[in-house]
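# Working through the structure, step by step
The chain contents come next:
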Amino acid sequence: MREAKTSYNSGMRNQDIINRSLQSVWHPCTQMKRHEQFPLIPIKLGQGVWLHDAEGKRYLDAVSSWWVNLFGHNNSRIKNAIKQQLDMLEHVMLAGFTHEPVVKLSEKLAKLTGLGHAFYASDGASATEIALKMSFHYWRNLYSETPDKANKTKFISLQNSYHGETLGALGVTDVAIFKDTYAPLLMQSAQMPSPDFRLAEVGESAEAFALRCADALEQYVSEHSHELAAFIIEPLVQCAAGMGMYHPVYLKRAREICTQYEVHLIADEIAVGFGRTGKMFAYEWATEGNGHLTENIKALPDFICLSKGITGGYLPLSAVLTTDKIYQAFYDDSTVRGFLHSHSYTGNPLACSAALATLAIFEEDHIIEQNKILSANIVEKLSALNELPHVHLRHQGMIFAFDVQTKNTKFARDCYVSALNNGLLLRPIGNTVYWMPPYTISEAEVDFLVQATLKAVHASV
Ligand SMILES: *Cc1c(COP(=O)(O)O)cnc(C)c1O
């Protein structure tokens, strides 16, 4: 099972590339000294849900390579789209110029989201930065004639939120291990109680808890709306908090509250977009379940941040989508009322062509419908995990998670290493074990995933 069929005819051997990487590459989110004990895994080839190392050992990619991969590695449709674009145009600056892939992608995203203006960058954190700057700048433009009112400069986010790690994004992130060191550099923001159901009182329903959190949000917003630019949230699942899931009624209430008190709602769909939660975008759940939104309040956020899955995991790309109303507040004879923000690779044609191919797969293969079946099949197999000392077994669309009860303070690391030894790339967050696999995973691969997870968790509790 573990031996790859692929043969390797050239290139560096495992140990050689590991040593050279440690000498020259500063790896992300890593205390580099740890690699004295835990070897790097040099990956040579990806195929479907599998990553193959330079010596032919393979790992099932249960985390979609940090949540970016949607349709497997080495996907011929996305690959061919990039190859075709490569023969036409690799890149051109997007200020003063345009090209077919970026136009088509913007039109598609407008149709899918209902927000008609797309601004591009290359990673998720930059999308957060752009949404924050646009929101702030909108209020500034709106109140340019009445400076006494132009005080909407602050942001709020959820407790345990994650919106990226550049300084602006870190300012609205609430993960101590990423944030505390840099606290003196950061913009202040306030955190609202998280509706993550794990935080509910015993006996309280997910819905009742979400409504209670929404009441606290309303209390805060009603008192501070004069100084608030926007509320940024991860709709439905706070992934970096350990797949913290919450009832969709919170989304609905958040939209109502933000509309009522004139505060922007920014949906950070960087992780949950593109079908992860069972709908194309997680904010769409706002209209589900208990009744409809108050009349005249559309369920749409004012901004949507997209990245990660947008190119199927092929190339770095992010987008911020917004409304006509916000766009129009920048449209003016004055240069500085415009949004003077840019990144060199904004709207890169290769990345846009990968995104177009990704969206074509959603359409042609009816992915959202198909994933309902796939998700149900995986949920059925989750019962095999009942022998583990877990709590809060949960799922939302194509995200599956459970929290392990253990006294082992190094559980996450031990489980990661043990899973690797069993041919599985699993990366627990604290005591939360989760699967966010590519949508192309087969039944046999799900079986492998379940069995290897059982072994890894047993070996590390
Ligand atoms: C990953 C992530 C980001 C940051 O994206 P990067 O591309 O890593 O900068 C922001 N928000 C959420 C919800 C994420 O999951």
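Residues numbered from 1 in each chain as written. Predicted model: local features only at pLDDT ≥ 70, side-chain atom pairs only at ≥ 80, totals over all residues. Heavy atoms only, no water.

## Topic: the site of the ligand
- Lining the immediate environment of the ligand, one finds Trp67, Asp123, Gly124, Ala125, Tyr162, His163, Gly164, Glu234, Asp268, Ile270, Ala271 and Lys308.
- Tyr162 places a main-chain nitrogen or oxygen 3.5 Å from a nitrogen atom of the ligand.
- Protein contact buries 82% of the 380 Å² of open area that the ligand shows by itself.
- Split by residue class, the shell around the ligand holds 5 nonpolar, 3 polar and 4 charged. (Near = heavy atom within 4 Å. Polar contact = N/O pair within 3.5 Å; in protein donor to acceptor, adjacent residues only side chain to side chain. Areas by Shrake-Rupley, 256 points an atom, 1.4 Å probe, with all protein chains shown as cover. Nonpolar A, V, L, I, M, F, W, Y, C, P; charged D, E, K, R; others polar.)

## A look at the side chain of Ser318
- Looking at the element boundaries, Ser318 is found in strand 12 (residues 318–322).
- Ser318 sits in the buried class, given a relative accessible area of 0%.
- A polar contact is formed between the side chain of Ser318 and the backbone oxygen of Asp123, at a distance of 2.8 Å.
- With near-sequence residues (within four places) excluded, Ser318 lies in contact with Phe119, Tyr120, Ala121, Ser122, Asp123, Gly124, Ala127, Leu306 and Ser307. (Helix = DSSP H or I, 4+ residues; strand = E, 2+ residues; numbered from the N terminus. Buried < 20%, exposed > 50% of the residue type's maximum accessible area, 1.4 Å probe, protein only. Contact = heavy atoms within 4.5 Å.)

## Remarks on the pattern of salt bridges
- Here the structure, examined in full by the defined rule, presents 18 salt bridges.
- Between Lys33 and Glu36 there is a salt bridge whose closest N-O contact spans 3.6 Å.
- On the accessibility criterion, Lys33 (55% relative accessible area) is exposed.
- For Glu36, a relative accessible area of 62% translates into the label exposed. (Salt bridge = Lys/Arg side-chain N within 4 Å of Asp/Glu carboxyl O.)

## Quick word on the sheet that holds strand 3 (residues 58–61)
- The strand order across the open sheet formed by 4 strands is 1-2-3-15, and the pairing between neighbours is mixed. Of all the strands in the sheet, just strand 1 (43–47) and strand 15 (424–425) have a single pairing partner and so form its edges.
- Where strand 1 and strand 2 (residues 50–53) come together, 4 bridges link them in antiparallel fashion. Pairing of Gln47 across the sheet is with Trp50, part of strand 2. (Pairing = 2+ DSSP bridges.)

## Some thoughts on helix 14 (residues 443–460)
- Compared with the 26 Å implied by 1.5 Å per residue over 18 residues, the 26 Å span of helix 14 between its first and last C-alpha is a close match.
- Every buried residue of helix 14 is accounted for by Glu445, Val446, Phe448, Leu449, Val450, Ala452, Thr453, Leu454, Ala456, Val457 and Ser460. (Expected span 1.5 Å × (residues − 1).)

## Describing the pairing of strand 7 (residues 228–233)
- Along strand 7, 6 of the 6 residues are buried, which leaves the element largely enclosed by surrounding structure.
- Alignment of strand 5 (residues 154–158) against strand 7, held across 4 bridges, turns out to be parallel. Bridge pairing in strand 7 links Lys154 to Leu228.
- Bridge analysis of strand 7 against strand 10 (residues 264–268) gives 4 bridges, and the strand direction is parallel. Following the sheet pairing, Phe231 is matched in strand 10 by Leu265.

## Brief notes about the sheet that holds strand 14 (residues 399–404)
- The antiparallel open sheet is built from 3 strands, whose spatial order is 13-14-16. Lying at the two open borders of the sheet, with one neighbouring strand each, are strand 13 (390–396) and strand 16 (432–435). The mean angle between the axes of side-by-side strands here comes to 15°, regardless of whether they run parallel or antiparallel.
- Two strands pair when backbone bridges link them, and strand 14 and strand 16 are joined in this way by 4 bridges, in the antiparallel orientation. The residue of strand 16 that forms the bridge with Phe402 is Val433.
- On top of the sheet, helix 12 (residues 367–381) reaches strand 13, strand 14 and strand 16; it is set at about 25° to strand 14, its chief contact.
- Sheet strands touched by helix 14: strand 14 and strand 16. Its angle to strand 16, the strand with the most contacts, is close to 165°. (Axes fitted to C-alpha atoms, helices over the stretch in contact; angles between N-to-C directions.)

## Let's talk about the environment of Glu387
- Relative to the helices and strands, Glu387 is located in the loop between helix 12 and strand 13.
- Each C-alpha atom, one on Glu387 and one on Glu443, is 21 Å from the other, the two residues being 56 residues apart in sequence.
- Among residues more than four places away in sequence, those in contact with Glu387 are Leu454 and His458.

## Some points on the nonpolar core
- With 62 residues, the main nonpolar core has Leu60, Leu105, Leu109, Phe274, Phe362 and Trp435 as its most contacted residues.
- Two domains each provide a minimum of three residues to this core, namely domain 1 (15–74 + 367–458) and domain 2 (78–364).
- Setting aside residues no more than four positions away along its own chain, Leu109 makes contact with Gly114, Leu115, Tyr120, Phe274, Leu306, Ile310, Ala319, Leu321 and Leu359.
- Membership of the second largest hydrophobic core comes to 47 residues, among which are Met192, Ala240, Val272 and Ala286. (Core = buried A, V, L, I, M, F, W, Y, C linked by side-chain atoms within 4.5 Å. Domains from an automatic or database assignment.)

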